[in-house]
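Next come the chains, spelled out residue by residue.
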Amino acid sequence: DVKVTQSSRYLVKRTGEKVFLECVQDMDHENMFWYRQDPGLGLRLIYFSYDVKMKEKGDIPEGYSVSREKKERFSLILESASTNQTSMYLCASSFPGGGYEQYFGPGTRLTVT
Amino acid sequence: GQQVMQIPQYQHVQEGEDFTTYCNSSTTLSNIQWYKQRPGGHPVFLIQLVKSGEVKKQKRLTFQFGEAKKNSSLHITATQTTDVGTYFCAGSRRQLTFGSGTQLTVLP
């Protein structure tokens, strides 16, 4: 079974803090994704990566950066957390190409106070 | 950019009633995927449609892809309480774009 794990289920941070969200997958997937989920807005793509050290901006990259130093690990970084970044963050992975299903991690609910 | 719209946003049904959610894209899609997210859970892949006019069934669930490959629907016959959750469509060109989801509540 594919397993995608995320470092925390719940996280509370203060405004201005630097926040790291970690994601690890065990299926040797090339593609990895970070989404945020907000009520009524569905899943919005923040960043994705098709290979190690490769990254591309999604639909809402502002205020975020990512790192992919190893194939199995994809990190989302909030350089200076703000209250409007309070959300559920979901990591996903898949095989390359647009025709493969994505496997999601359990999500991290981040609250910025 | 590519937009995928999904309606309705919420749907409450009595157990045993049917349910349908609709998905429309602003552009022609390569394929469309459907996911289900149970309350408190994460999205789980249900199915992918690739061909124009394609219809696929999974037990009580029927998925359709429009002839123009710009719209899709998911129909559940005789809903059960286990169907509760949010159903997302996701359209693919170069990458997946998710719809906003339909949150289904099934009243026993």
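Here, every reference points to the structure presented above.
What you see is a predicted model; the values in this text were computed from it and never measured.

Peer 1: I'm lost on the interface of chain B and chain A in this one. Help?
Peer 2: Note: interface size is frequently given as the accessible area lost on complex formation between the parts. With 18 residues of chain B at the interface, the matching set in chain A holds 20 residues. Of the roughly 1,500 Å² buried between chain B and chain A, counting both surfaces, carbon and sulfur atoms make up 48%. Contact with chain A buries surface across chain B, with B:R94, B:Q95 and B:F98 losing the most and accounting together for 31% of the total. At the surface where chain B touches chain A, the tally comes to 3 residue pairs in polar contact (both at pLDDT 80 or more). At the level of secondary structure, the elements contributing two or more residues to the side of chain B that touches chain A comprise β4 (31-37), β5 (44-49), β9 (85-92) and β10 (96-98) of chain B. Partitioning the side of chain B that touches chain A into residue classes produces 6 nonpolar, 11 polar and 1 charged.

Peer 1: What is the right way to look at the nonpolar core in this model?
Peer 2: Nonpolar side chains tend toward joint burial in soluble globular proteins. Among the nonpolar cores identified, the biggest contains 20 residues, and A:W34, A:I46, A:L76 and A:Y89 are the most heavily contacted of them. Setting aside residues up to four positions removed in sequence, A:Y89 forms contacts with A:Q6, A:L21, A:W34, A:Y35, A:R36, A:I46, A:Y64, A:L76, A:L78, A:G107, A:T108 and A:L110. Core analysis: the next-biggest nonpolar cluster, separate from the first, contains 19 residues, B:V13, B:I32, B:W34 and B:I76 among them.

Peer 1: Can you walk me through the sheet that holds strand β7 (residues 64-70) of chain A in this structure?
Peer 2: Sheet strands associate in pairs through backbone hydrogen bonding, adopting either a parallel or an antiparallel arrangement. Residues and elements named next belong to chain A. Strand order in the open sheet formed by 4 strands is β1-β3-β8-β7, and the pairing between neighbours is antiparallel. This sheet does not close on itself; its edge strands, each paired only once, are β1 (4-6) and β7. The sheet shows a mean angle of 20° between the axes of neighbouring strands, direction not considered. Relative to strand β3 (residues 19-25), β1 runs antiparallel, the two sharing 3 bridges. Considered in β3, the bridge of T5 is made with V24.

Conventions adopted
Residues numbered from 1 in each chain as written. Chains lettered and ligands numbered in written order. Predicted model: local features only at pLDDT ≥ 70, side-chain atom pairs only at ≥ 80, totals over all residues. Heavy atoms only, no water. Contact = heavy atoms within 4.5 Å. Buried area = accessible area lost by both parts, 1.4 Å probe. Polar contact = N/O pair within 3.5 Å; in protein donor to acceptor, adjacent residues only side chain to side chain. Helix = DSSP H or I, 4+ residues; strand = E, 2+ residues; numbered from the N terminus. Nonpolar A, V, L, I, M, F, W, Y, C, P; charged D, E, K, R; others polar. Core = buried A, V, L, I, M, F, W, Y, C linked by side-chain atoms within 4.5 Å. Buried < 20%, exposed > 50% of the residue type's maximum accessible area, 1.4 Å probe, protein only. Pairing = 2+ DSSP bridges. Axes fitted to C-alpha atoms, helices over the stretch in contact; angles between N-to-C directions.

All quantities given are derived from atomic positions and should not be read as evidence of function.
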